Each structure stands twice: as C-alpha cells, then as structure tokens.
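Observations on chain architecture
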Amino acid sequence: MGKTEILKPAYPILLFFLILFKVSFCQVNEVDKTVSLSSFDLQYNVLNFWPHNDTLIPLKKGLFQNIEVDALLNLKGGKNWHWAYKLPQVGVSLNYYNFGNNKVLGSGLGVYPFMILKLAKSSRLDLNFRYGGGIVYISKIYEANHYPTNIAISTPINILIDFRVNLVYHFSRNIDIQFSVLANHMSNGAVKKPNYGLNSMGFGVGFTYKLNDAEPIKTPQSTFILKQPYILLTGTGAVKEVGDAGGPKYYPLSLQIGYIKPLSIIVELGGSLDIMYDKSVRFHLRKEGMNYRYPNDDFSIGASARIKLHLDKLALFGDLGLYLYQPNPRFPIIYQRVGLSYSILKHTAIVLALKTHYTIADHLEFGLSFKL
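Rules used in this analysis
Residues numbered from 1 in each chain as written. Predicted model: local features only at pLDDT ≥ 70, side-chain atom pairs only at ≥ 80, totals over all residues. Heavy atoms only, no water. Helix = DSSP H or I, 4+ residues; strand = E, 2+ residues; numbered from the N terminus. Buried < 20%, exposed > 50% of the residue type's maximum accessible area, 1.4 Å probe, protein only. Contact = heavy atoms within 4.5 Å. Areas by Shrake-Rupley, 256 points an atom, 1.4 Å probe, with all protein chains shown as cover. Phe/Tyr/Trp six-rings, centres within 6.5 Å; stacked < 30°, edge-to-face > 60°. Lys NZ or Arg CZ within 6 Å of the ring centre and 35° of its normal. Pairing = 2+ DSSP bridges. Core = buried A, V, L, I, M, F, W, Y, C linked by side-chain atoms within 4.5 Å.

This part covers the overall build of the protein. Tallying secondary structure elements over the protein gives four helices and 18 strands in all. Across the 372 residues of the protein, 51% fall into the buried class. The contacts of the protein with a sequence gap of at least 6 include a subset with a gap of at least 24, amounting to 63%. With an accessible surface of roughly 17400 Å², the protein has 65% of that area assigned to carbon and sulfur atoms.

Tallying each qualifying case throughout the model produces ten aromatic pairs. Centroid distance Phe64 to Phe99: 5.1 Å. Interplanar angle 70 degrees. Geometry classified as edge-to-face. On the criterion of sequence distance, the pair formed by Phe64 in strand E2 (residues 64–75) and Phe99 in the loop between strand E3 (89–98) and strand E4 (107–121) is long-range, its members being 35 residues apart. Assessed through its relative accessible area of 2%, Phe64 is described here as buried. The interplanar angle of 20 degrees and the centroid separation of 6.4 Å between the aromatic rings of Phe129 and Phe163 together place this pair among those described as stacked. In this pair, Phe129 sits in strand E5 (residues 125–138) while Phe163 sits in strand E6 (residues 157–170), placing the two residues 34 residues apart along the sequence. Taking the relative accessible area as the measure of exposure, Phe129 reaches 26% and is therefore partly exposed. The partly exposed category is assigned to Phe163, whose relative accessible area is 38%. Following the ring pairs from residue to residue traces out a cluster consisting of Phe49, Phe64, Tyr97 and Phe99. Its guanidinium or amino end placed over the ring of Phe114, Arg130 lies 3.8 Å from that ring's centre, counting from NZ or CZ.

For a regular strand, side chains alternate in direction, first toward one face of the sheet and then toward the other. Strand direction decides the pairing type here: strand E15 (residues 314–325) and strand E16 (residues 334–345), joined by nine bridges, are antiparallel. The residue of E16 that forms the bridge with Leu314 is Tyr342. Note: E16 against strand E17 (residues 348–357), nine bridges, orientation antiparallel. Residue pairing for E17: Ser343 is matched across the bridge by Ala349. Between E16 and E17, which follow one another and run antiparallel, lie two residues.

Counting 23 residues, the largest nonpolar core has Leu59, Phe99, Ile138, Met186 and Leu198 as the members making the most contacts within it. Secondary structure elements with two or more residues in this core: strand E1 (35–49), E2, E4, E5 and strand E7 (175–187). By residue number, the principal contributor to this core is E4, which donates three residues. With sequence-adjacent residues up to four places away left out, Ile138 is seen in contact with Phe99, Leu105, Ser107, Gly108, Ile153, Pro156, Asn158, Met186 and Leu198. One finds Trp81, Leu311, Leu340 and Tyr342 within the second-largest nonpolar core, a separate group that totals 14 residues.

This is the structure:
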C-alpha cells in the first residue's frame with residue numbers, strides 16, 4: 001500500500017473538521033467584543049475500551065490514557081443564543097492518547113472545538129455538560145503486511161466525538177478542580193475499511209486556571225430562528241467502503257423530507273421521511289446468498305424524529321430513525337444521524353452528518369438543506 005493510497009481517504013475527514021472548526025467559531029469571529037479568553041485546563045482521563053464487536057476483544061490490552069490541554073472562551077451575551085444557553089463557554093481541546101496497546105494501536109493526537117452548557121450551579125460547585133467533535137491522528141493503522149490485526153482503524157486521520165459531564169469545584173478565585181465522566185468515539189466513517197472504530201468510556205480529573213470573569217452585555221433580540229413550522233428538504237451524498245479492507249466503494253445518496261416545529265429560539269423538534277439510495281446493499285445480499293432485485297433493493301425508506309439546537313447560523317441536530325423498508329441484511333431496524341448545519345443563505349444550509357447503526361458508523365454525509 002503506497003503513501004498516497006493511505007492519505008486519500010483522509011480528505012473527506014479533513015474537510016469535515018475544517019468546516020466544523022470554521023462554523024463552530026464563526027460567531028466568535030463576528031462578535032470579537034463579546035467574547036474573552038477565560039481559562040486554561042489541564043486534565044488527565046482514564047478510559048475503558050469498549051469492544052462493541054467480538055472481533056475487537058483481542059485489541060484490548062489495557063486502559064486508554066488521555067492528557068488534554070484546553071483553552072476556553074466566555075460568551076458575554078453579544079448574541080441572543082448566548083443568553084438562551086445561559087452564557088455557555090466554547091473552547092478548543094488538544095489531546096494526546098495512549099491506547100494501551102502500543103504494538104497494534106499506537107497513540108493518537110486529537111484536536112476539536114467544544115461547547116460547555118451549564119446544568120446546575122452553587123457557590124462552590126458547578127455541574128455542566130460538554131460536547132465536541134474534531135479529528136484525531138492515530139499513529140498505527142491497519143496494514144496487511146505490518147498491522148493485520150488492527151481492524152479498528154485503517155486511516156491515520158479519523159473523526160473524534162467527545163461527550164462528558166463535569167463536576168467543577170471552585171477551589172479558589174483562580175483555580176478550579178474538575179471531575180469528569182466522559183465517552184468518545186473514533187473512526188473514519190467507513191470511508192476505508194476495516195473501520196470498527198474505537199469506543200471508550202471513563203473518568204477524568206483536571207485543573208482549571210481562570211484568567212478573568214466576563215461581564216455580560218445585553219443586545220437586541222435576534223431573529224435567526226423561524227417562528228413558524230416549516231418544511232425542510234435535505235439532500236446528501238457520501239462515500240463508503242464495504243466488505244474487507246480494499247473492498248468496493250459505493251456512493252450513497254439520501255433525501256429527507258421533514259416537518260420542523262420551533263419550540264423556542266434555540267430548540268426545534270420535527271420528523272421526516274427518509275429515502276436512501278445505497279448500491280452497497282447488493283454486496284451484502286450476495287454475500288448472504290440472497291437474491292438481489294434491481295432497482296428495488298438499492299433503496300431504503302425510513303421515518304425519523306429530530307431534535308435541533310441552534311447557535312446562530314450554526315445548528316446541531318440528532319435523528320433517531322426507524323427503517324420502514326430495508327433490504328440490507330447487515331443493518332438493524334434502527335438508525336441514527338448526528339450532525340450540524342450552517343446557514344449560507346436565508347433558507348439554505350450546508351449539512352455534515354454521521355449516519356450510524358447504534359455504535360457502528362455507516363458513512364459520513366455531505367449536502368445541502370432548503371427551508372420551504
């Protein structure tokens with residue numbers, strides 16, 4: 001396998017991260033006077049590798065260890081969504097990972113933007129929820145001649161998704177001590193196989209050095225949220241590899257016809273009819289010795305529910321779907337999407353999403369959505 005062949009599948013993931021990083025902090029760039037660098041974190045995390053497939057069990061040799069350095073910004077209220085989320089913090093996290101199996105999995109270096117939402121607060125303790133996503137470079141990947149047992153990761157650049165709940169103790173005016181329960185996922189979104197991915201859960205402890213406290217400011221009400229229900233059309237495309245390493249590549253397409261109801265200035269709920277076209281179904285049907293019917297079996301139909309959270313032009317969404325018609329014997333009846341959209345025009349947005357079946361990533365989707 002040549003160097004060019006190894007790096008090519010990383011391009012969609014790098015594009016995903018660059019757009020994610022850009023849209024996550026576009027609001028910050030637009031309102032320089034309403035944000036301020038607030039603190040730096042240093043944290044140590046210990047995570048237990050969760051082999052969600054029996055074939056991954058031999059890779060589990062020890063605990064994952066993670067050291068991270070974070071820079072945090074306070075949002076002071078320059079946008080209406082700052083107040084809707086009770087003046088959250090945003091930041092950037094730089095991470096080093098030891099996967100507990102250096103001979104096969106190596107180590108990792110990750111970077112991602114994140115947001116912290118306040119859940120509860122007292123004079124000495126804070127409880128918050130943090131979520132973020134970006135990329136991670138992993139030093140050892142699947143190679144038939146060198147690392148044939150590393151079936152978890154096959155590209156050096158992968159998606160990194162991190163969720164955690166933090167309990168913060170205010171030790172002094174400038175020092176906080178933080179305890180975390182966290183979970184993360186690393187994979188390439190099936191751009192290249194094998195791609196079982198690395199899922200882990202664990203605990204962490206860290207220290208925060210606070211530089212200053214931001215003084216909130218008031219601004220006029222924003223109008224970035226539609227107040228009436230609307231129809232949302234979303235079209236996406238993807239690239240995925242199926243079968244064993246070096247297997248055939250396919251290019252799934254999907255169309256979602258959704259009905260969205262705004263509940264507040266930041267929260268929307270809705271549902272959609274999902275029409276999916278994926279020619280990789282024929283590969284799995286033939287592998288199982290089943291008959292393939294053209295073109296019926298290239299299509300799947302599902303119905304999904306959506307929750308959408310707005311941050312000005314940027315929005316985060318999660319879909320929980322149920323297949324109504326699905327000829328692929330590999331897939332369960334339930335599917336999920338986690339993604340983001342960024343408005344580029346009044347009624348048009350760029351969409352980036354990861355479609356999954358429980359803990360297994362199916363593919364990365366890129367496309368556009370239109371409000372009617």
